[in-house]
Amino acid sequence: METKVSHRPLTTALTLYRGETLILEEAATYSGVSPTTSAVALRSRGIQVRDADRTPVDQTAN
């Protein structure tokens, strides 16, 4: 079953996330989707996903 996502709340949440106003979980709650769905949406728009302390999670450890 596919979840229908309203684009306006998702777009607003992603914009607030990019501006560091929201963390991933808050952006997900705001847009009504899971954190995983939010992370996929962020990555598809070229926005780096970071954890709650603002550390990028897409980087690999050396």
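Since this is a predicted model, take the numbers as computed values, not measurements.

Undergrad: I keep staring at helix α1 (residues 7-18) and nothing clicks. Help me out?
TA: Side chains that are three or four residues apart share a direction in an α-helix, a result of its 3.6 residues per turn. For α1, with 12 residues, the first-to-last C-alpha span of 16 Å sits near the 16 Å given by 1.5 Å per residue. Of all the positions in α1, only L10, A13, L14 and Y17 are classed as buried. One side of α1 carries all its buried residues, which in axial view fall inside an arc of 100°. Where α1 is buried, its residues contact α2 (24-31) and α3 (35-44).

Undergrad: I would appreciate a short explanation of the confidence of the model for the protein in the present structure.
TA: When pLDDT is low, close inspection of the predicted coordinates is not appropriate. Mean pLDDT over the protein works out to 83, with 79% of the residues at or above the 70 mark. Mean pLDDT across the elements of the protein bottoms out in α1 (92) and peaks in α2 (94).

Undergrad: Can you help me understand the packing of α1 against α3 in this one?
TA: Any two packed helices are characterised by the angle at which their axes cross and by the distance between the axes. Packing of α1 against α3 leaves a shortest axis separation of 11 Å and a crossing angle of 75°. Comparing the axis directions of α1 and α3 gives the class roughly perpendicular. Contacts between α1 and α3 pair L10, L14 and Y17 from the former with S38, A41 and L42 from the latter.

Cut-offs used in this document
Residues numbered from 1 in each chain as written. Predicted model: local features only at pLDDT ≥ 70, side-chain atom pairs only at ≥ 80, totals over all residues. Heavy atoms only, no water. Helix = DSSP H or I, 4+ residues; strand = E, 2+ residues; numbered from the N terminus. Expected span 1.5 Å × (residues − 1). Buried < 20%, exposed > 50% of the residue type's maximum accessible area, 1.4 Å probe, protein only. Arc of directions from axis to C-beta. Contact = heavy atoms within 4.5 Å. pLDDT = per-residue confidence, 0-100. Axes fitted to C-alpha atoms, helices over the stretch in contact; angles between N-to-C directions. Parallel < 35°, antiparallel > 145°, perpendicular 65-115°, else oblique.

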